[in-house]
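The primary structure of each chain is shown beneath.
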Amino acid sequence: MSEIETRNVDDFMTLLLGSGALQFGVFTLKSGRESPYFFNLGAVTRGQGIITLGRCYARALLDSAWGFDVVFGPAYKGIPIATAAAVALFERGCNTSIAYNRKEAKDHGEGGKLVGEVRGKRVVIVDDILTAGTAARQSIDLLRAEGAEVVGLLVALDRQEVGSDGRSATEALAADYAVPVESVARFDDVIACVREQGNPDQLKALVAYRAQFGRDGE
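The following paragraphs examine the structure supplied in this document.

The rules we used
- Residues numbered from 1 in each chain as written.
- Predicted model: local features only at pLDDT ≥ 70, side-chain atom pairs only at ≥ 80, totals over all residues.
- Heavy atoms only, no water.
- Pairing = 2+ DSSP bridges.
- Helix = DSSP H or I, 4+ residues; strand = E, 2+ residues; numbered from the N terminus.
- Core = buried A, V, L, I, M, F, W, Y, C linked by side-chain atoms within 4.5 Å.
- Buried < 20%, exposed > 50% of the residue type's maximum accessible area, 1.4 Å probe, protein only.
- Contact = heavy atoms within 4.5 Å.
- Salt bridge = Lys/Arg side-chain N within 4 Å of Asp/Glu carboxyl O.
- Axes fitted to C-alpha atoms, helices over the stretch in contact; angles between N-to-C directions.
- Parallel < 35°, antiparallel > 145°, perpendicular 65-115°, else oblique.
- Left-handed = near helix turned anticlockwise from the far one by under 90°.
- Arc of directions from axis to C-beta.

Let's shift gears to the pairing of strand β1 (residues 22-28). Relative to strand β2 (residues 34-39), β1 runs antiparallel, the two being bridged by five bridges. Looking across to β2, one finds that Phe24 is bridged to Tyr37. Counting the residues between successive antiparallel strands, the hairpin from β1 to β2 contains five residues, one of them, Gly32, with a positive phi of roughly 95 degrees.

Shown next as structure tokens:
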């Protein structure tokens with residue numbers, strides 16, 4: 001990991017812990033698994049945190065070397081992420097546009113499922129977390145149907161968990177859709193952060209969870 005990537009992960013983990021977006025305990029996930037941590041990027045609601053969030057995404061996007069014209073945020077959580085990232089990209093000299101989908105197609109005015117122009121554009125998707133990858137697949141299908149070229153997916157946190165088919169969501173998306181997937185941080189970074197903080201009980205629970213469901217150093 002480069003010095004810039006390390007600084008970006010450090011800034012991001014500080015944001016998550018300070019905002020309560022990353023919590024530790026026992027949580028039942030949508031999949032039914034009991035997780036020793038819970039991630040909710042919706043907890044980042046203050047202006048300063050949103051600025052930091054956008055800058056973390058912008059650094060990761062520029063580090064990815066993906067050429068893109070549009071930042072797409074899936075409704076709903078992806079919309080403020082795309083907005084914050086676009087503002088931060090402009091700070092760094094990249095004046096990109098954003099797009100997002102509607103949960104329900106609009107049947108009046110300009111109509112349609114999307115806000116923003118994506119046809120013939122190189123689009124990068126930004127979202128909060130990658131677990132099973134269902135929402136990402138829906139976004140890719142929608143964008144391709146609208147004539148966009150999806151060049152990459154950037155999420156806040158990759159849980160690095162293996163699904164029922166033995167693949168992680170990152171591996172499955174890359175294989176099934178030929179779309180590269182990156183993340184601002186990974187579960188490995190969460191473990192490293194807890195190890196640095198010196199909380200042995202939290203660390204033990206996280207390491208055990210990774211051994212059961214995840215990829216060690218994926």
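Here we come to the nonpolar core. Phe12, Leu41, Tyr57 and Leu61 are the most contacted members of the largest nonpolar core, which has 43 residues in total. Considering every element that reaches this core, the biggest residue donor is helix α2 (residues 47-64), with six residues. In this structure Tyr57 touches Leu41, Ile81, Ala85, Val126, Asp127, Asp128, Leu154, Val155, Ala156 and Val184, once residues within four positions along its chain are discounted. Formed by 21 residues, the second largest nonpolar core is a distinct cluster that contains Val70, Leu142, Leu153 and Tyr177.

Below, the discussion takes up the pattern of salt bridges. In the structure shown here, the tally under the stated rule is 11 salt bridges. Residue Asp165 pairs with Arg167 through a salt bridge whose shortest N-O separation is 2.9 Å. By relative accessible area, which is 28% here, Arg167 ends up partly exposed. Each of the salt bridges in this network shares a partner with another, and the network as a whole consists of Arg137, Asp165, Arg167 and Asp176.

With that out of the way, let us pick up the side chain of Asp158. Within the fold, Asp158 resides in strand β7 (residues 149-158). Each residue touching Asp158, except ones within four places of it in the same chain, is listed here: Leu130, Thr170, Ser183, Ala185, Arg186 and Phe187.

Most of the time, phi is negative for any residue but glycine, and the peptide bond is trans. Note the cis peptide between Ala75 and Tyr76, where omega equals 5 degrees. Following the sequence through the fold, Tyr76 ends up in the loop between β3 (70-73) and α3 (78-91). Despite not being glycine, Gln160 has its phi angle at roughly 55 degrees, a positive value.

Let us look at the packing of α2 against α3. Describing two packed helices takes the angle between their axes plus the distance from one axis to the other. Packing of α2 against α3 brings their axes to within 7 Å, and their N-to-C directions diverge by 70 degrees. Judged on the interaxial angle alone, α3 and α2 are roughly perpendicular. Crossing hand, α2 versus α3: right-handed. Contact residues: α2 offers Ile50, Leu53, Gly54, Arg55, Tyr57, Ala58, Leu61 and Leu62, while α3 offers Ile81, Ala84, Ala85, Ala88, Leu89 and Glu91.

Looking now at helix α5 (residues 169-177). The periodicity of an α-helix, 3.6 residues per turn, causes residues three or four positions apart to be oriented the same way. Burial in α5 covers these residues: Ala169, Thr170, Ala172, Leu173 and Tyr177. Seen along its axis, α5 keeps its buried residues to an arc of 165 degrees; they face one direction. For α5, the elements touching its buried residues are β6 (122-130), α4 (134-145), β7 and β8 (181-186). Directly beyond the C-terminal end of α5, a positive phi value near 55 degrees is found at Ala178.

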